[in-house]
Amino acid sequence: LLLGRNADAVTILQSLVADAQADADTYLLLGHVLQEQNAPVSAESAYRQALLLRAGDLEALLGLARALLPQDRPAESLALAGEILDRDPLRREVWVLKANSLLQLDRPADAAQALEAARRLGLADAEMLALLGDLHLDARRIDDALACYEKAFTGAAPSVPRLLRALEAFLLAGHPEAAARMNDRLAGLTLEPAQRLEWLRLAARLAVAQGRSDDALARLQELLREHPLDGRALLDLAALHQSADRLEDAVLACERAARIPDAQVEALVLHAQIEVRRARYAPAVDLLESAQALRPDDRVQRYLDQVRRLRDR
């Protein structure tokens, strides 16, 4: 196990079981290794054998509870977590298990309560605080979410994917001030190339939300210099040009985006909206018909019908 040779360890432990030489520790260790090998059903059997030989063993109970979750048995896992916490309420991993069980049971409010209890006991680590922040944000408790995120991300090496998700979530919720706090934290970190592109995209949206259109334009142009075929960035650039009445630039960005399969339909619709704004209804109809041919949509169809009426006046 210390050498990372889990398969060899399983073979040895199973031979002990086959030779009837296994004790509770053998089954417990076998359960741990099988769990690491993504074999939860076999791990469950090993943990139950350990409990038969040593009733009430907390490590075996915890292992069993963990093995039940990937089998879509969260109610059983939750019951075991409660039993363990009754005996040892200061085990961080059990609070995480309880929260995950509650989330799997679609009880996010109770999961938040469990994580909050762990936080008040001084047990919540950065991952737990970030998850609690997610739950607060889903429930529109913006100040609580921001407080959890900021505490979670105070370390020297915060989770960049978590920070990016928090930044995007605050933007989607319409809270640019909170998003800016996440953005400030990201600004000083070393990002992987894909993370940097995502950050530039989100930073541009934040700049738009804060009314800093020049900064948004600079971010998008920087992103497109590094990744010229980013359809989402081209669509954002077109929308930014449109809002600033730079319609020719917006059309050019739409035409570039329309060459990218993932962005094609949105680009055609946005281009059509720009043409309607310029009272050029015939080309707008052609663009919307092309979009509908690629991916029919009821809302686009209603818009197309309205533009046709304008064209035919």
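Relevant structure appears above.
Now for a description of the structure that goes with this document. Along each chain, the written sequence defines residue order, and numbers are assigned to residues from 1. Whole-chain, interface and lining totals are the exception, using all residues; otherwise, since this is a predicted model, local features are given only for residues with pLDDT of at least 70 and side-chain atom pairs are given and counted only at 80 or more. The side-chain numbers reported here are obtained from all heavy atoms of the structure, hydrogens and water having been left aside.

Numbering of helices and strands runs from the N terminus, with a helix taken as a DSSP run of H or I at least four residues long and a strand as a DSSP run of E at least two residues long. A count of helices and strands for the protein gives 18 helices and 0 strands. Every radius of gyration here is taken over C-alpha atoms, with the globule rule written as 2.2 Å times N^0.38, N being the number of residues. For the protein, whose C-alpha radius of gyration is 27 Å, the value lies well above the compact-globule estimate of 20 Å for 313 residues. Viewed in the frame of its principal axes, the protein has a C-alpha envelope of about 85 × 40 × 35 Å. For each residue, the accessible area found with a 1.4 Å probe, counting protein chains only, is set against the maximum for its type, and the residue is called buried under 20%, exposed over 50%, and partly exposed in between. Within the protein, the fraction of its 313 residues that count as buried is 44%. A separation of at least 24 residues holds for 48% of the contacts in the protein among residues at least 6 apart in sequence. Under the convention used here, a 1.4 Å probe and the Shrake-Rupley method define accessible areas, while residue burial counts only the protein chains that appear. On the protein, roughly 16600 Å² of surface is accessible, and the fraction owed to carbon and sulfur atoms is 50%. In the protein, 39 side chains carry a positive charge and 48 a negative one; their mean positions are 4 Å apart. In this description, contact between two residues means that some pair of their heavy atoms is separated by no more than 4.5 Å. The charge count includes Lys and Arg as positive and Asp and Glu as negative, but it does not include His or the ends of the chains. Every charge is mapped to an atom, namely NZ of Lys, CZ of Arg, CG of Asp or CD of Glu.

Looking now at the packing of helix H16 (residues 264-277) against helix H18 (residues 298-311). For helices, the fitted line uses only the C-alpha atoms of the stretch in contact; every axis is such a line through C-alpha atoms, and the angle between N-to-C directions lies from 0 to 180 degrees. It is the contact of H16 with H18, at a shortest axis distance of 12 Å, that shows an interaxial angle of 25°. As judged from the angle between their axes, H16 and H18 are roughly parallel. In the crossing of H16 with H18, the sense of the turn from one axis to the other is left-handed. Contact residues: H16 offers Val 269, Ala 272, Gln 273 and Val 276, while H18 offers Val 300, Tyr 303 and Val 307. Each residue gets one of three labels, nonpolar for Ala, Val, Leu, Ile, Met, Phe, Trp, Tyr, Cys and Pro, charged for Asp, Glu, Lys and Arg, and polar for the others, Gly among them. Taken together, the residues of the contact of H16 with H18 break down into 6 nonpolar, 1 polar and no charged. These descriptions rest on fixed angle ranges, namely under 35 degrees for roughly parallel, over 145 for roughly antiparallel, 65 to 115 for roughly perpendicular, and the rest for oblique. In a left-handed crossing the near helix is turned counterclockwise from the far helix by less than a right angle, and in a right-handed crossing that turn is clockwise.

All right, on to helix H4 (residues 58-68) then. The buried count for H4 comes to 8 of 11 residues, which makes it a mostly enclosed element. Buried within H4 we find Ala 60, Leu 61, Leu 62, Gly 63, Leu 64, Ala 65, Ala 67 and Leu 68. As for H4, its buried residues are in contact with helix H2 (24-36), helix H3 (40-53), helix H5 (74-87) and helix H6 (92-104).

A few words now on the nonpolar core. Grouping buried Ala, Val, Leu, Ile, Met, Phe, Trp, Tyr and Cys residues that are joined through side-chain atoms within 4.5 Å yields what is termed a nonpolar core. Ranked by size, the top nonpolar core spans 53 residues in total, and within it Tyr 149, Phe 153, Leu 167, Phe 170, Met 182, Leu 186 and Trp 199 carry the most contacts. The element best represented in this core is helix H12 (residues 193-209), accounting for 8 residues. Setting aside residues up to four positions removed in sequence, Tyr 149 forms contacts with Ala 130, Gly 133, Asp 134, Leu 137, Ala 166, Phe 170 and Met 182. Judged by nonpolar contacts, the second largest core, of 42 residues, contains Ala 67, Leu 97, Ala 99 and Leu 135.

Positive phi values are uncommon outside glycine, yet Asp 72 reaches one of about 60°. The backbone of Arg 140 shows a phi angle near 65°, a positive value even though the residue is not glycine. Topologically, Arg 140 is positioned in the loop between helix H8 (126-138) and helix H9 (142-152). Among the residues examined, Arg 140 registers a relative accessible area of 56% and is labelled exposed.

Mapped onto the elements, His 271 comes out in helix H16. Residues within four places of His 271 in sequence aside, it is in contact with Val 251, Cys 254, Glu 255 and Leu 287.

Our next topic: the packing of aromatic side chains. What counts as a ring pair is set by centres within 6.5 Å for rings of Phe, Tyr and Trp (its six-membered ring), and what kind of pair is set by the plane angle: stacked under 30 degrees, edge-to-face over 60, tilted for all other angles. Taken as a whole and assessed by the stated rule, the structure comprises 2 aromatic pairs. Ring centres 5.8 Å apart and planes at 5° place the aromatic pair Tyr 149 and Phe 153 in the stacked group. Considered together, Tyr 149 and Phe 153 belong to a single accessibility category, that of buried residues. With a centroid separation of 5.6 Å and 85° between ring planes, the pair formed by Tyr 149 and Phe 170 is classed as edge-to-face.

One less than the residue count of a helix, multiplied by 1.5 Å, gives the span that helix is expected to have. With 13 residues, helix H1 (residues 6-18) should cover 18 Å at 1.5 Å per step; its first-to-last C-alpha distance of 18 Å lies within 8% of that length. Taken residue by residue, H1 has Asn 6, Ala 9, Val 10 and Leu 13 as its buried positions. Summarising the axial view, the buried residues of H1 lie within an arc of 100°, below the 170-degree limit, and thus occupy one face. Exposed residues lying more than 90 degrees from the buried face of H1 are Thr 11, Ile 12 and Ala 18. Buried residues along H1 sit in contact with H2. Taking the helix axis as origin, the arc is that swept by the directions to the C-beta atoms.

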